[in-house]
Amino acid sequence: MDLSPALRIWVRLLLYSAELAASLWLAYELRFDFTVGPVAAQERMVVLLWLVPVQLVLLALFQQMSPLLGYFSTPDLGRMFYALVLSAGVAMGMWFALSAGYAPPRSVILIDLVFSLVGLTGVRLALRTMPESLTTSAKARTGARHRVAIIGAGDAGAVLAHELLLKPGYGLEPVAFFDDDRHKWSSRVHGIRVLGPP
C-alpha cells in the first residue's frame, strides 16, 4: 500500500478502533452467555467510551501506530502485547476503584485481552499479506518461476528461502540447499532438502 504517513495512521486507527470495540463487545456477549441485560449493556457502552481510547493511546505509546502497514514482526507483537496487558491492568484498577457500572467485570477484562491481541495480530498480518498477495497474483500471471538452489542452510539461507516461498512474485522457487556442514545434509529447512556440499 502506497499511502502517506498520515493516511496510514488514520487507516490503522480506524481498523484498530473497530477491532478493539468488537473484541470488547464480544467479551461481554460471552461473559453473559449472549444475553446481555440492560444494566450490563449500559455498562458496556460506558466501558467502550473509555477503554478503547486507553488501548489506542497505549498502542501509540508502544509505537504501534507509526510503523509501515506492510511490516509486522515479533518485536511488534511483543510491544502490542505489553500495551494490551497494560490496558487490562488499567481496566482491573478501574474495577477495584469503581466496581460495576464504570468498569468491566474481571472475566470480560481477560476475555477482551485475548480477543484484542488475536484480533490486532490478525489485522496486522492481513495488512502485511494483502499487498503481497495482490502483487504476487499479478506477477504470477506474467512470468515463469525459476528453480533455484541456496548455498548455506544457516539462518541467512533459511530467511532467504522463507521470503522466496512467501513471495512467489519474485519468480524464484527454492528447491534445494547446499551446505558444508555434514550434520545438515539430508535434513530439511522450510520443507526444502539440504542435498550436500556446494
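These numbers come from a predicted model, not from an experiment.

S.K.: Please clarify how unusual backbone geometry should be interpreted in this entry.
M.R.: Excluding glycine, most residues fall at negative phi; most peptide bonds, likewise, are trans. In the Ramachandran plot, Asp33 falls in the positive-phi region, its phi being about 55 degrees despite a non-glycine side chain. The residue Asp33 is located in the loop between helix H1 (5-31) and helix H2 (38-61) in this model. We classify Asp33 as exposed; its relative accessible area is 61%. Phi at Gln63 takes a positive value of approximately 60 degrees, unusual for a residue other than glycine. Accessibility expressed as a relative area gives 48% for Gln63, which makes it partly exposed.

S.K.: Looking at this structure, how should I read helix H3 (residues 74-98)?
M.R.: Three or four residues apart is the spacing at which side chains of an α-helix point the same way, because the helix has 3.6 residues per turn. With 25 residues, H3 extends 36 Å from end C-alpha to end C-alpha; this agrees with the ideal 36 Å at 1.5 Å per step. Three or more residues of H3 are buried, namely Asp76, Met80, Ala83, Leu84, Ser87, Ala88 and Ala91. In the segment just after H3, Ser99 is the residue with positive phi, at about 60 degrees.

S.K.: Which parts of the structure should I look at to understand the packing of aromatic side chains?
M.R.: Each pair of aromatic rings is reported with the distance of its centres and the angle of its planes. Within the structure shown, the criterion is met by 3 aromatic pairs. Considering the side-chain rings of Tyr28 and Phe32, the 6.2 Å spacing of their centres and the 20 degrees angle between planes classify their relative orientation as stacked. Taking the relative accessible area as the measure of exposure, Tyr28 reaches 0% and is therefore buried. A relative accessible area of 22% means that Phe32 is categorised as partly exposed. Centroid distance Trp95 to Phe96: 5.0 Å. Interplanar angle 80 degrees. Geometry classified as edge-to-face. The residue whose ring lies beneath Arg44 is Trp25, and the NZ or CZ to ring-centre distance is 3.5 Å.

Conventions and cut-offs
- Residues numbered from 1 in each chain as written.
- Predicted model: local features only at pLDDT ≥ 70, side-chain atom pairs only at ≥ 80, totals over all residues.
- Heavy atoms only, no water.
- Helix = DSSP H or I, 4+ residues; strand = E, 2+ residues; numbered from the N terminus.
- Buried < 20%, exposed > 50% of the residue type's maximum accessible area, 1.4 Å probe, protein only.
- Expected span 1.5 Å × (residues − 1).
- Phe/Tyr/Trp six-rings, centres within 6.5 Å; stacked < 30°, edge-to-face > 60°.
- Lys NZ or Arg CZ within 6 Å of the ring centre and 35° of its normal.

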